[in-house]
Amino acid sequence: MKTVKFWVKKLLYVFGIEISRSRPRNINLPKYFKKMLCFQRMFEIIKNVEGDVVECGVAAGYSLLQLSILVAEESKNRKIYGFDSFEGLPDSGDMKHTITDVKYTFKRFNGHFPVLTKGFFKDTLAGFQGKIALLHLDCDLAESYKTCLRELYPQIVKGGVIIFDEYDNPKWPGVKEVIESFGIKVEKDISGKYYFVK
């Protein structure tokens, strides 16, 4: 039987954190655990809601992996979709990750691999036709939020949840205004994340 210590080390390893006795690393562990607990609370909200899980803004896939773990745990056959340019932010290319990065993240934990769609939101989201129970928006730019909400909000089922990663973050101006322009009144989770139940 595996010990708690074993599972904690394995979970930390998924996020690129290796525990070593010799040299401690400066890492922000609370960030990962707070997000996972927030996601877990959101899954409690959607436990009787049909639909899939969608993330816009995948990066290296850490959040998507957390969502994947929760989907596997609840055993409701939800599909998981991830949308990202995998070229970084438009114009600058900053924060670039590849599909290979995501595969590596999932390989380390053997998670339920999502359906990934590569391309900018304006080119890829219009074709999505599924029902969404949980939408995680981590797309940084106000224009990206506008595109995601315009294309995906109609697919969110009644009782479905949207989680906003940058709602009140001064680093990403205009995001809050875009969200509110859709008539969305957010609630704040104890983790500090903002969300909306349709």
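Residues numbered from 1 in each chain as written. Predicted model: local features only at pLDDT ≥ 70, side-chain atom pairs only at ≥ 80, totals over all residues. Heavy atoms only, no water.

If you check which residues of helix α6 (residues 142-152) are buried, you get Ala 142, Ser 144, Tyr 145, Thr 147, Cys 148, Leu 149 and Leu 152. Elements that come into contact with the buried residues of α6 comprise β1 (52-56), α5 (121-124), β4 (132-137), β5 (156-164) and α7 (175-181). (Buried < 20%, exposed > 50% of the residue type's maximum accessible area, 1.4 Å probe, protein only. Helix = DSSP H or I, 4+ residues; strand = E, 2+ residues; numbered from the N terminus. Contact = heavy atoms within 4.5 Å.)

Bringing the sheet that holds β5 into the picture now. The sheet built from seven strands is open, its strands ordered β3-β2-β1-β4-β5-β7-β6 with mixed pairing. Pairing within the sheet leaves two strands with one partner each, and these edge strands are β3 (115-118) and β6 (187-188). Where strand β2 (residues 80-84) and β3 come together, four bridges link them in parallel fashion. Looking at β3, one finds that Phe 83 is bridged to Thr 117. In the packing of α6 onto the sheet, contacts are made with β1, β4 and β5, and the angle to β4 comes to roughly 175 degrees. (Pairing = 2+ DSSP bridges. Axes fitted to C-alpha atoms, helices over the stretch in contact; angles between N-to-C directions.)

Mean pLDDT for the protein chain: 85, with 81% of residues reaching 70 or above. Within the protein chain, the lowest mean pLDDT, 62, falls on helix α1 (residues 4-14), and the highest, 98, falls on β4. Note that pLDDT drops below 50 for residues 20-27; the model gives that stretch five contacts with residues more than four away or on any other chain. (pLDDT = per-residue confidence, 0-100.)

Throughout the structure, instances matching the rule amount to zero disulfides. Cysteine Cys 148 shares no disulfide, and the gap to the nearest cysteine sulfur, in Cys 56, comes to 3.8 Å. The buried category is assigned to Cys 148, whose relative accessible area is 0%. (Disulfide = S-S within 2.5 Å.)

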